[in-house]
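# A structural walkthrough
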Amino acid sequence: MTGKNARHNAFLRLVSGNGAASGSESRYSLPPSKEMVIGRDPSCQVVLDAMMYRMVSRRHAVVRPLSLSPDSKFSWVLCDLNSANGTYLNGQRLYECQELHPGDRISLGADGPQYVFEYEYTYQAPATTVNQVTPLPSATNYHGHTQLKQPDSVSFTQLFPIISTGKDLTRKAYLVPGILTVIFVVLMFATVGQPQANQIIVATYIAFAAYYFVYQLCGKQKPWWVLMAAALSTTLILLSPLLDVFIFVFRGILPGNLPSPQESTTFTELLVRMFFGAGLMEELLKALPVLGAFAIGRMLSSPWRERIGVWEPLDGILLGTASAVGFTLLETLGQYVPDIAQQVGIGAAGQLAGLQLLIPRILGSVAGHMAYSGYLGYFIGLAVLKPSRSWQILSIGYLSAAALHALWNATGSINALLLVVVGVLSYAFLMAAILKARALSPTRSQNFATRFLGPK
């Protein structure tokens, strides 16, 4: 019945997301006298679970009633509330407001919960008075919809945005990296004239920035103390007698004895020595914390087993690259920087030479130690997912990472251009492993890199 006394009741029906098949719980009526806000904030009319729908903002979108004619035939408009991941109407990103039509599909974020706007017609007895709803400002046509501008009023939280951002400030606004940057800058100023302390601070900050870049690309949350434990474990291994055992095996028994600067070798011989003495030895050493985390995780109960252990390739990459950070910091600060400073001489010249070496070595670790170890970590995690083929997977990963490592060390003594090629290749290997790990991840729906950067 659609005549004069017929009334169309509008509602939203949840069609994708938790509760989409739960009958009346997935249907939300739209009253003609007030707006309906959708988001994670408890004050919203449609409240979504904050843990399940992290892509949804606290106040994500609003559906507002609109009276378009004197006989009070209502329509509704959808407005995005400056959400972090956007509101989509029929697959198109929504800017400002648009009128809704039956069958329109609303998505909160590119891969968030979805609603369908629908009408239901019921008979209504003639009313003596009708409450009018103040219409929104004038509209223009946009993709077949009426697009309306939002009112010009300014709220208190718009004038003072820090009051309303809440947890989003720490999670989405890179507040923690900003705070750490400020702290490191202050420490750098405080250690002017103390070259060793200043070098440690500079190296730590650059290493943190490089690792944070990889962490954001991986998109899986791992406790910071687990990652720091991996880096510290590698450092302790390098300072322990276990390093002498590795050197004896790979450089004494196996043909990995590294040539001295005065020794003349062919490229093939140098590559073989680097493969055993640097590639195989160092990659196995850096993989020990990853294997240790896997073993510890198997002995724990949930949720600690998931937080600490290695259950997928992303876990292996995160722990492998963290281990590489510890290796790079100790190797650079404990060996290369003191050596170059001693060669140049004590004083300002030696300090400058050490700093000039420190910055590219730490920053380049994304295409160096972090790339090799992260790539091997991918295979360790893959072996956990595919236990029946674990030895084949681990063998390919171990040999590939060692080969990349050896190729970098060998080409470094020949040509700088070849070194660039190998560095780019190593970086590409790591990025490819991260993308594949994200696609294979059993927790892909919770991956913040996939959610904010788009599905891979």
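The structure displayed is predicted, hence computed values, not measured ones.

Calculation notes
- Residues numbered from 1 in each chain as written.
- Predicted model: local features only at pLDDT ≥ 70, side-chain atom pairs only at ≥ 80, totals over all residues.
- Heavy atoms only, no water.
- Helix = DSSP H or I, 4+ residues; strand = E, 2+ residues; numbered from the N terminus.
- Buried < 20%, exposed > 50% of the residue type's maximum accessible area, 1.4 Å probe, protein only.
- Contact = heavy atoms within 4.5 Å.
- Areas by Shrake-Rupley, 256 points an atom, 1.4 Å probe, with all protein chains shown as cover.
- Phe/Tyr/Trp six-rings, centres within 6.5 Å; stacked < 30°, edge-to-face > 60°.
- Lys NZ or Arg CZ within 6 Å of the ring centre and 35° of its normal.
- Axes fitted to C-alpha atoms, helices over the stretch in contact; angles between N-to-C directions.
- Parallel < 35°, antiparallel > 145°, perpendicular 65-115°, else oblique.
- Left-handed = near helix turned anticlockwise from the far one by under 90°.
- Nonpolar A, V, L, I, M, F, W, Y, C, P; charged D, E, K, R; others polar.
- Polar contact = N/O pair within 3.5 Å; in protein donor to acceptor, adjacent residues only side chain to side chain.
- Core = buried A, V, L, I, M, F, W, Y, C linked by side-chain atoms within 4.5 Å.
- pLDDT = per-residue confidence, 0-100.
- Disulfide = S-S within 2.5 Å.
- Expected span 1.5 Å × (residues − 1).
- Bend = angle between axes of the 7 residues up to and from the residue.
- Pairing = 2+ DSSP bridges.

Attention now moves to the overall build of the protein. Regarding its fold elements, the protein presents 14 helices and 13 strands. With 456 residues in all, the protein has 41% of them scored as buried. For the protein, long-range pairs separated by at least 24 residues make up 61% of all intrachain contacts whose partners lie at least 6 apart in sequence. Entry remark: accessible area of the protein is about 23,900 Å², with carbon and sulfur atoms responsible for 63%.

This brings us to the packing of aromatic side chains. Enumeration over the complete set of coordinates arrives at 11 aromatic pairs. Measuring from centroid to centroid gives 6.5 Å for Tyr205 and Phe208, while their planes differ by 40 degrees, and the two rings are tilted. Highlighted residues: Tyr205 and Phe208, both in helix 4 (residues 195–218), separated by 3 residues, approximately one helical turn. You can call Phe208 partly exposed: its relative accessible area is 26%. Taking the centre distance of 5.2 Å and the plane angle of 85 degrees together, the rings of Tyr378 and Phe379 count as edge-to-face. As far as burial versus exposure is concerned, Tyr378 and Phe379 are alike and both buried. An aromatic cluster of three or more residues is present, and its members are Phe184, Tyr205, Phe208 and Tyr212. The ring centre of Phe11 lies 3.9 Å from the NZ or CZ of Arg27, which sits over that ring. One residue, Arg307, lies across the ring of Trp304, its end atom 4.9 Å from the ring centre.

Cis geometry is adopted by the peptide bond preceding Pro303, which originates at Ser302 and carries an omega value of 5 degrees. Along the chain, Pro303 falls in the loop between helix 7 (267–299) and helix 8 (304–308). Positive phi outside glycine occurs at Asn82, with the angle close to 55 degrees. Along the chain, Asn82 falls in the loop between strand 6 (74–80) and strand 7 (87–89). Since its relative accessible area comes to 72%, Asn82 is described here as exposed.

Okay, the packing of helix 11 (residues 369–385) against helix 13 (residues 416–440) next. Contact geometry for helix 11 and helix 13: axes closest at 8 Å, N-to-C directions at 30 degrees. It follows from the interaxial angle that helix 11 and helix 13 lie roughly parallel. Crossing hand, helix 11 versus helix 13: left-handed. Counted together, Met370, Ala371, Tyr372, Gly374, Tyr375, Tyr378, Leu382 and Leu385 of helix 11 and Ser426, Phe429, Leu430, Ala433, Lys436, Ala437 and Leu440 of helix 13 form the full contact between these two elements. Its residues assigned to classes, the contact of helix 11 with helix 13 comprises 12 nonpolar, 2 polar and 1 charged.

Looking now at the side chain of Thr235. Within the secondary structure, Thr235 is located in helix 5 (residues 224–239). Overall, Thr235 belongs to the buried group, its relative accessible area being 18%. A polar contact is formed between the side chain of Thr235 and the backbone oxygen of Ala231, at a distance of 3.1 Å.

As a further point, take the nonpolar core. Formed by 49 residues in total, the largest nonpolar core has its most connected members in Tyr211, Ile317, Leu319, Met370 and Ile434. If you list the elements that add at least two residues to this core, you get helix 4, helix 5, helix 7, helix 9 (313–344), helix 10 (348–363), helix 11, helix 12 (390–411) and helix 13. When neighbours within four sequence positions are excluded, Ile317 is seen to be in contact with Cys218, Gly374, Gly377, Tyr378, Leu430, Ala433, Ile434 and Ala437. Within the second largest apolar cluster, 23 residues are counted, among which are Met36, Leu48, Val56 and Leu108.

Two elements in contact, helix 5 and helix 9, have axes separated by 7 Å at closest approach and are oriented at 45 degrees. With respect to helix 9, the element helix 5 is oriented oblique. Where helix 5 crosses over helix 9, the handedness of that crossing is right-handed. Across the interface between the two elements, Val226, Leu227, Ala230, Ala231, Thr234, Thr235, Leu238 and Leu239 from helix 5 touch Leu318, Leu319, Ala322, Ser323, Gly326, Phe327 and Leu330 from helix 9. Partitioning the contact of helix 5 with helix 9 into residue classes produces 11 nonpolar, 4 polar and no charged.

Before going further, it helps to examine the confidence of the model for the protein. Chain-level pLDDT for the protein is 82 on average; 81% of the residues reach the 70-or-more range. Here residues 451–456 scores under 50 on pLDDT; set against residues more than four positions off or in separate chains, the count is 16 contacts.

In this fold, Leu12 is placed in strand 1 (residues 6–16). Judged by its relative accessible area of 1%, Leu12 is buried. Leu12 sits 18 residues away from Leu30 along the chain, and the two C-alpha atoms are 7.3 Å apart.

Attention shifts here to the state of the cysteines. Under the counting rule described, the total for this entry stands at 1 disulfide. Each sulfur in the disulfide pair Cys79 and Cys97 lies 2.0 Å from the other. Torsion about the S-S bond of the Cys79 and Cys97 cystine: about 110 degrees, corresponding to right-handed handedness. Taken together, the residues span a long stretch of sequence, with Cys79 in strand 6 and Cys97 in strand 9 (residues 97–99) at a distance of 18 residues. For the pair shown, Cys79 and Cys97 are each scored as buried.

In this section: helix 7. Relative to the 48 Å expected for 33 residues at 1.5 Å per residue, helix 7 spans 46 Å between its end C-alpha atoms, a close match to the ideal helical length. Along its length, helix 7 reaches its greatest deviation from straightness, about 40 degrees, at Phe275.

Time to look at the pairing of strand 6. The side chains of a regular strand alternate between the sheet's two faces. For strand 6, a buried count of 7 out of 7 residues is recorded, marking the element as mostly surrounded by other parts of the structure. Residues Phe74, Trp76, Leu78 and Asp80 of strand 6 are buried on one face, and the alternating residues Ser75, Val77 and Cys79, pointing to the opposite face, are buried as well. Across 3 bridges, strand 6 lies against strand 9 in antiparallel orientation. Note that in strand 9 the partner of Leu78 across the bridge is Gln98.

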